[in-house]
Amino acid sequence: MSKNYLLIYSEQLATDIELLCQNIKAPSNTLFQIRKSSSSVFANIREANYGQSRADMLSKFEIALKECSETEGWLQLLLNTKAIDEDIFKKNRNLCGRIRRMLIASCKTLKEKA
């Protein structure tokens, strides 16, 4: 059985963001929002693996794609407000980018099969 890297990376993102939020000082709303968006990426990818149909799977992947973009936005805000440094920003942004590219490819494949 092959590894589901999309699921692995999304779980890593949600975990890394949760740990980050536990260790930085930032407005509670910002921390709440980035936790919510990053965990939503993971949850929707996980749910997509048990989609009722290709359309359901596609819907979950598209939601995860939006949430991944939102997570990147919150990371940018944390960088701009100096709550995180450039290295932490780049590490998490790059993981978001990897997930986003995989989601785009998965959505494209599902649409072609429809």
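Residues numbered from 1 in each chain as written. Predicted model: local features only at pLDDT ≥ 70, side-chain atom pairs only at ≥ 80, totals over all residues. Heavy atoms only, no water.

## Topic: the nonpolar core
Put simply, the test is: Nine residue types can take part in a nonpolar core, namely buried Ala, Val, Leu, Ile, Met, Phe, Trp, Tyr and Cys, and a core is a set of them joined through side-chain atoms within 4.5 Å. Note on exposure labels: buried denotes an accessible area under 20% of the residue type's maximum, exposed denotes more than 50%, and partly exposed covers the range between, all computed with a 1.4 Å probe on protein chains only. In what follows, residue pairs with any heavy atoms lying within 4.5 Å of each other are defined as contacts.
Core analysis: the largest hydrophobic core is formed by 32 residues, its most contacted members being I45, F61, L75, I84 and I99. Setting aside chain neighbours within four positions, we find I84 in contact with L20, I24, L75, L78, L79 and F89.

## So, the pattern of salt bridges
Our working rule: Salt bridges are counted wherever a side-chain nitrogen of Lys or Arg sits within 4 Å of a carboxyl oxygen of Asp or Glu. Numbering of helices and strands runs from the N terminus; a helix is a DSSP stretch of H or I covering at least four residues, while a strand is a stretch of E covering at least two.
The final tally for this structure, using the stated rule, is 7 salt bridges. E18 is the partner of R35 in a salt bridge, and the nearest nitrogen-oxygen pair spans 2.8 Å. Of this pair, R35 sits in helix α2 (residues 28–48) while E18 sits in helix α1 (residues 5–23), and the two are 17 residues apart along the sequence. Exposure remark for R35: the relative accessible area of 28% places this residue in the partly exposed category.

## Describing the packing of aromatic side chains
We describe a pair of aromatic rings using the distance from one ring centre to the other and the angle between the two ring planes. Basically, it comes down to this: Pairing of aromatic rings covers Phe, Tyr and Trp, the last through its six-membered ring, and needs centres within 6.5 Å; plane angles under 30 degrees mean stacked, over 60 mean edge-to-face, and all others mean tilted. The criterion is that NZ of a Lys, or CZ of an Arg, lies within 6 Å of the ring centre and within 35 degrees of the ring normal, and then a charge sits over that ring.
By the definition in use, this model includes 1 aromatic pair. Ring geometry for Y5 and Y9: centres 5.9 Å apart, planes at 35 degrees, overall tilted. Of this pair, Y5 and Y9 both sit in helix α1, 4 residues apart, which is roughly one turn of that helix. Residue classification places Y5 among the partly exposed positions, given a relative accessible area of 41%. On the basis of relative accessible area, Y9 is assigned to the buried category, the value being 19%. Against the face of Y9 rests R98, its NZ or CZ located 4.9 Å from the ring centre.

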